[in-house]
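A structural walkthrough
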Amino acid sequence: MKFSRIDIALMMKSVGMVPVFYHKDIEVCKQVLKACYKGGARVFEFTNRGDFAHEVFAELVHFRNKELPELALGIGTIYDAPTTALYLQLGADFIVSPILNAEMAKICNRRKVSWSPGCGTLTEISYAEELGAEVVKIFPGAQVGGPEFVKAVKGPQPWSSIMPTGGVKPTEENLRSWIDAGVHCVGIGSQLFVKDTNGDFNLEQIENKVAYVIEMIHQIRVQEVEIV
Ligand SMILES: O=C(O)C(=O)C[C@H](O)[C@H](O)COP(=O)(O)O
């Protein structure tokens with residue numbers, strides 16, 4: 001299944017969270033991907049962090065195609081158009097970036113692929129939308145102003161769909177502050193991927209954490225509707 005840019009935006013919204021992960025070992029990546037899927041994730045961002053990240057990603061796409069066809073698999077930590085092209089060729093469903101780069105927008109628009117650039121000011125968010133971004137990432141989310149920043153942006157720009165990534169915590173209190181501020185979804189990395197004392201990822205705990213975050217976001221949204 002190929003996901004359109006609108007599918008991606010809707011899936012991000014309906015699930016409410018995107019796990020963000022990198023590991024150089026493909027077997028670890030497969031297990032973590034599966035644990036997140038079992039926990040309810042339907043959009044997953046692998047990050048382009050190591051020298052051979054593209055090789056791991058290519059294998060992960062094959063694994064997803066065979067085992068988890070309903071999961072949208074995208075790539076983050078992309079800084080330029082050539083790297084965007086490489087990952088589109090490998091089958092990325094969407095592109096995420098810590099920065100805003102107009103050349104990346106052009107290539108994603110031409111291929112009608114979802115592109116979420118990292119922004120830190122209203123001017124950047126607004127420019128990203130002009131360039132065709134449906135969901136704009138704020139990065140690093142907690143440090144560029146946190147939920148208060150999102151609330152401030154949504155005042156003059158209620159149409160903006162914002163995904164904070166970086167420093168989002170999988171706790172009720174933190175998730176509530178982001179949801180109340182009006183985010184489209186959240187991206188969560190390090191805090192989801194717990195390890196055992198021997199250094200191995202604890203897949204059961206990862207699955208449970210993902211399920212907890214998704215359920216919590218849904219509950220908070222329902223409560224908001226009831227209050228309104
Ligand atoms: O480079 C990107 O495209 C990113 O998304 C950056 C990071 O992977 C996230 O910021 C994770 O942040 P934590 O949840 O604080 O671990």
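Refer to the preceding data block for the structure.
In this report, we go over the structure that sits alongside the text. All values reported here derive from a predicted model rather than from experimental measurement.

A short note on the state of the cysteines
Under the definition given, this model contains 0 disulfides. Here Cys 108 stays unpaired: no disulfide links it, and the sulfur of Cys 119, its closest cysteine neighbor, is 14 Å away. Considering cysteine sulfurs only, Cys 119 is the nearest to Cys 185, which forms no disulfide, with 14 Å between them.

Topic: the site of the ligand
In the vicinity of the ligand, 15 residues are found, and the nearest of them are Thr 77, Lys 137, Gly 167, Gly 189 and Ser 190. Measuring from an oxygen atom of the ligand, one finds a backbone N or O atom of Gly 189 at 2.7 Å. Here the ligand, which alone exposes 410 Å², has 86% of that area covered by the protein. Put simply, the ligand lies in the largest pocket. The class makeup of the residues in the shell around the ligand is 4 nonpolar, 8 polar and 3 charged.

Side note on the layout of surface pockets
Its volume calculated, the largest pocket comes out at about 400 Å³. Lining the largest pocket are 21 residues, and of these Val 20, Arg 49, Ile 188, Gly 189 and Ser 190 lie nearest its centre. Elements supplying a minimum of two residues to the lining of the largest pocket: β1 (17-21), β2 (43-47) and β9 (186-188). Grouping the constituent residues of the lining of the largest pocket by class yields 9 nonpolar, 9 polar and 3 charged.

Quick word on the pairing of strand β7 (residues 135-138)
The side-chain alternation of β7 yields two buried faces, one formed by Val 135 and Lys 137 and the other by Val 136 and Ile 138. Bridge count for strand β6 (residues 118-119) against β7 is 2 bridges, and the pairing is parallel. Opposite Cys 119, over in β7, you have Ile 138 as the bridge partner. With helix α6 (residues 122-130) bridging β6 and the parallel β7, this β-α-β connection has right-handed handedness.

A few points about the pattern of salt bridges
Scanning the model with the defined rule gives 8 salt bridges in all. Residue Arg 64 pairs with Asp 93 through a salt bridge whose shortest N-O separation is 2.7 Å. Of this pair, Arg 64 sits in helix α3 (residues 53-67) while Asp 93 sits in the loop between α4 (81-90) and β4 (94-96), and the two are 29 residues apart along the sequence. Since its relative accessible area comes to 2%, Asp 93 is described here as buried. For the salt bridge of Lys 106 with Glu 103, the shortest nitrogen-to-oxygen distance reads 3.3 Å. One end of the pair, Lys 106, and the other, Glu 103, are both in helix α5 (residues 102-110), 3 residues apart, so they sit about a helical turn from each other. The network of salt bridges with shared partners includes Lys 2, Arg 64 and Asp 93.

Digging into the packing of α3 against α4
Two elements in contact, α3 and α4, have axes separated by 9 Å at closest approach and are oriented at 25°. Judged on the interaxial angle alone, α4 and α3 are roughly parallel. Where α3 crosses over α4, the handedness of that crossing is right-handed. Residue-level inspection shows Ala 53, His 54, Phe 57, Ala 58 and Val 61 of α3 in contact with α4, the latter providing Leu 86, Tyr 87 and Leu 90.

Conventions and cut-offs
Residues numbered from 1 in each chain as written. Predicted model: local features only at pLDDT ≥ 70, side-chain atom pairs only at ≥ 80, totals over all residues. Heavy atoms only, no water. Disulfide = S-S within 2.5 Å. Near = heavy atom within 4 Å. Polar contact = N/O pair within 3.5 Å; in protein donor to acceptor, adjacent residues only side chain to side chain. Areas by Shrake-Rupley, 256 points an atom, 1.4 Å probe, with all protein chains shown as cover. 1 Å grid on protein atoms, 1.4 Å probe; cavity = no way out; pocket = protein on both sides within 12 Å on 5 of 7 lines; lining within 4 Å. Sits in = over half its atoms within 2 Å of the grid points. Nonpolar A, V, L, I, M, F, W, Y, C, P; charged D, E, K, R; others polar. Points joined across faces, edges and corners; volume = space filled by probe spheres on them. Helix = DSSP H or I, 4+ residues; strand = E, 2+ residues; numbered from the N terminus. Buried < 20%, exposed > 50% of the residue type's maximum accessible area, 1.4 Å probe, protein only. Pairing = 2+ DSSP bridges. Right-handed = clockwise from strand over helix to strand, strands pointing away. Salt bridge = Lys/Arg side-chain N within 4 Å of Asp/Glu carboxyl O. Axes fitted to C-alpha atoms, helices over the stretch in contact; angles between N-to-C directions. Parallel < 35°, antiparallel > 145°, perpendicular 65-115°, else oblique. Left-handed = near helix turned anticlockwise from the far one by under 90°. Contact = heavy atoms within 4.5 Å.

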